[in-house]
Structures are given as structure tokens and as C-alpha cells.
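# Examining the three-dimensional arrangement
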Amino acid sequence: MNRHPAMTSAILRTPLLALVALAFATPSASADRIYRTGGTPIEDCTVVEETVSQVVYRKGRKGSEQSIPSEEVIRIEYERVPTEIGEAESLLEEDDLESAVGLYSDYLEASLEKPDKRFPWAPAYAASRLIGLFGMVGDLEGARAAADRLLENFPESRYVPSAFVAKADALYRLEKFDRAQTTLAEFEKLIVKRNLSKRWTLECRLAQILTDRSLVGEGRRGRLKALESDAGQDYPTVRTRASVARAEAFLAEASDSADALQRAREIFEDVAQDPSADEEALAAAFAGIGECVFTAAIGDEAALRQALTAFMRVAVLYRDQVRYAPKAMFYAGRCFDQIGGEENKERAKKLYSRVVRDYPGSSWAEEAKNFRK
């Protein structure tokens, strides 16, 4: 189905100036809730336990315990956390990543020596958070080691599947391709041994496709399309991430094919409007929309502003998505530069500096260094 380019504007509803202001503001604290696939969040609850099979919670302050399968949980925002974790998150809001990593590490060490009985879910959460933070600064070996630590110390945790995937991704990006596939084979064995949900089988398949160097072009897109079909409406988070991966495969061919660029954009727009898409898929979708529009803009200020709005949405709302946030932030700077004007040039320089500061180990930080002068 072909779309008029103006449809992008309907998707990008947040005003550009509001996104620009938020980009240089301190993020606000999150509310306490369990986000789940295909349903409204579970609010006003206290998480009691998180395992690879279920999340146990108490509704209200004195309610009875209830549970939800782990595969239905997208993410959890906690109302009460250990002091060290709260302080670490505050440091992250102040962009003090190094100190935050130190606090998370100290808390994890202490909890391994003496379990945190008040917050039994928190040590595994801290271990998982460290994987993401190492990835955020481009420390792939650190992310790999953090994933191993989680798998060794918290084998029953809800974060085990994501740790396997994160480890495989880090190894792949370190060009240790065989080890990445071996890691996913181990994940596959665990899924069978523990009789885990089909979601994890699909997640493993997706990771195997994305870390297989031999899959390119139509072969890659065909495998992803089949995975989207298998995931269907039952596993929307896997489906939408497979969709954006297929769109990215089209985008890789965009320099040689206007049709590939259009098909990529259509898929990205579909995911951006999908209420079941998780943060990773949404970050990928808006970054992809921005790149499609930017590629075709060629000096068109209206198109550049459309691209800028998409990139800023990622930079503001999905800063933890390290595969997409630094790229989006860098290209937002390029949009400001090409739109022109003294104020926009200053905004561009600030964005380049943020990329260098917040994502120092990324390839985009190196790109930004060349433009912030």
C-alpha cells in the first residue's frame, strides 16, 4: 500500500519545539506499573518475585498475591527501590553514567554476599541494568561480561532470555560471530529444557537471524517475514521488532532503489502506529522514518523538519535504546545544520556534544566529533 509522504506528519504528533526543549531537560521519574503485551498496565501493585516463568505481585498495599507470565511483561517501573538503585537512577538523570555504573556494581556485589530480602527482585534487575549501561557507552566486552554474570548468578531470573540475546549481540558486534551463534544455541537448549514459552523460541530465532552474516537481501527479509507471520498477534513485540529489522534490510538497499526506500518507510510507519510495539521497536521505527525522510529530503526544509521530528522523538523518549538513540541524535544535529540559521547551528553542536558525552563508545560519537567544531 502506497502512502503520501504527508502521512508521516500524522504519526509524529509531538511538536518539534517541545522535543527540542525536552532533549536538554532532566527526565522525570517514572510511575510504578507493570507494562504487558496486549493489555493495559497493572498499576498500584508491589512486585514480590520475578522469575523466568512468572512475575508475582500484590495488588494494592495489602492485597493477595497474583501473577502474570513473564513472557507477557514488557517492562516494570518500580515505585520503591533500594536506596543505591534510586541514587544510581538519579545520577543517570544527571548524565553521570560512570558513577551510576559504580553504584549498581556496588549494590550487586553487596547483594551477592547478603541477599536483599526487602527487594528480592532488585539484584537481578541491577545485573540486567548493567548490561544496558555498558552497551550505552559502547563497552561491548563489559556488556558481554555483565550478561555472563547475570546468567551465572540469577539463572531463574526474568532477565535470563534478554541476557542471552544481549550477550549474543555483544559478541556479534565484537566480530566473534561463532561465539554469538553458540550463545544462541545454548539459549535454544534452555528453552527446550525448561519448556519455556513460544515467545522465547521466537526471540531466539530473531536473534539468530540478526547475528547470521550469511543472511542478506531477500534471504534475510524472507526469514524475517516468516518470523513475523509465526509471531502474529500473540507475540506482538517479537513481530514488530522483526518488522523493523525487515525494514532496515530494505533501507540498506535504498541507495540503489527508490522502491526499497519506500517499502522501508511504509513498514517503519506501520510499526510506529502499532500500539503493541515495545520501546526498542518504536525507537527503530522512528529512527527509520527519520532516515527515510532525510535520505529523500535533498535540501527540502519541510522534509528536513519531518526527519528532525522523528529523530528527536528517539533522542528524547528512547535514550536507553543504544542501537538507535546516538544515531538519531547525530542525524537530528545534521538536520539542524542543513535547515540552517545561527540558533539551529547551536542546537546541532549541542546534540553532537551529547552524542560524544552520552555514547562515547559508539561509532556515532566519532562521527559527531567531526561536526561539533
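Above this text is the structure in question.
For the structure given in this document, a descriptive report is provided here. (Residues numbered from 1 in each chain as written. Predicted model: local features only at pLDDT ≥ 70, side-chain atom pairs only at ≥ 80, totals over all residues. Heavy atoms only, no water.)

## Some points on the environment of Leu202
Definition in use: Helix and strand assignments come from DSSP, with helices taken as H or I runs of at least 4 residues and strands as E runs of at least 2, each series counted from the N terminus. Think of it in three bands: with a 1.4 Å probe and only protein chains considered, a residue is buried below 20% of the maximum accessible area for its type, exposed above 50%, and partly exposed in between.
Mapped onto the elements of the fold, Leu202 is located in helix α9 (residues 198-210). On the accessibility criterion, Leu202 (1% relative accessible area) is buried. C-alpha of Leu202 to C-alpha of Pro120: the two residues are 82 residues apart in sequence and 29 Å apart in space.

## Side note on the sheet that holds strand β6 (residues 73-77)
The strands making up a sheet associate through backbone hydrogen bonding, with each pair oriented either parallel or antiparallel. So the rule is basically this: What makes two strands pair is DSSP finding at least two bridges between them.
Pairing in this open sheet of 3 strands is antiparallel, and the strands run β2-β1-β6 from one edge to the other. Of all the strands in the sheet, just β2 (42-43) and β6 have a single pairing partner and so form its edges. With 2 bridges joining them, strand β1 (residues 33-36) and β2 adopt antiparallel strand pairing. Considered in β2, the bridge of Arg33 is made with Glu43.

## Structural notes on α9
Test applied: In this analysis, the expected span of each helix is defined as 1.5 Å times one less than the number of residues it contains. Contacts are residue-level and defined by heavy atoms, with any inter-residue pair within 4.5 Å sufficient. The term polar contact refers here to a pair of N or O atoms within 3.5 Å; inside protein, the definition further demands a hydrogen-donor-capable atom paired with an acceptor-capable atom, and it admits residues adjacent in sequence only when both atoms are side-chain atoms.
Taking 1.5 Å per residue as the helical rise, α9 with its 13 residues ought to reach 18 Å, and the 19 Å between its terminal C-alpha atoms agrees with that figure. Looking at α9, one finds that the buried residues are Arg199, Trp200, Leu202, Glu203, Cys204, Leu206, Ala207, Gln208 and Ile209. Its buried side turned inward, α9 meets β6, α7 (160-173), α8 (177-193), α10 (217-231) and α11 (236-251). A distance of 3.0 Å separates the backbone nitrogen of Arg199 from a side-chain oxygen at the start of α9, and that oxygen is part of Ser197.

## Things to note about the packing of α11 against helix α13 (residues 279-297)
Helix-helix packing: each pair is described by the crossing angle between the helix axes and the interaxial distance. This is how it is decided: Axes here mean lines fitted to C-alpha atoms, for a helix over just the part in contact, with angles spanning 0 to 180 degrees between N-to-C directions. We call two directions roughly parallel when the angle between them is under 35 degrees, roughly antiparallel when it is over 145, roughly perpendicular when it lies between 65 and 115, and oblique otherwise. Should the near helix be turned counterclockwise from the far one by less than a right angle, the crossing is left-handed, whereas a clockwise turn marks it as right-handed. Side-chain classes follow a simple rule in which Ala, Val, Leu, Ile, Met, Phe, Trp, Tyr, Cys and Pro form the nonpolar group, Asp, Glu, Lys and Arg form the charged group, and the remainder, Gly included, forms the polar group.
Look at α11 against α13: their axes get within 9 Å of each other, and the N-to-C directions meet at 25 degrees. The angle between the axes of α11 and α13 places the two elements in the roughly parallel class. Seen along the crossing, α11 lies across α13 with a hand that is left-handed. Touching Thr240, Arg241, Val244, Glu248 and Leu251 of α11 are Glu280, Ala281, Ala284, Ala285, Glu291 and Cys292, all from α13. For the contact of α11 with α13, a count of residues per class yields 6 nonpolar, 1 polar and 4 charged.

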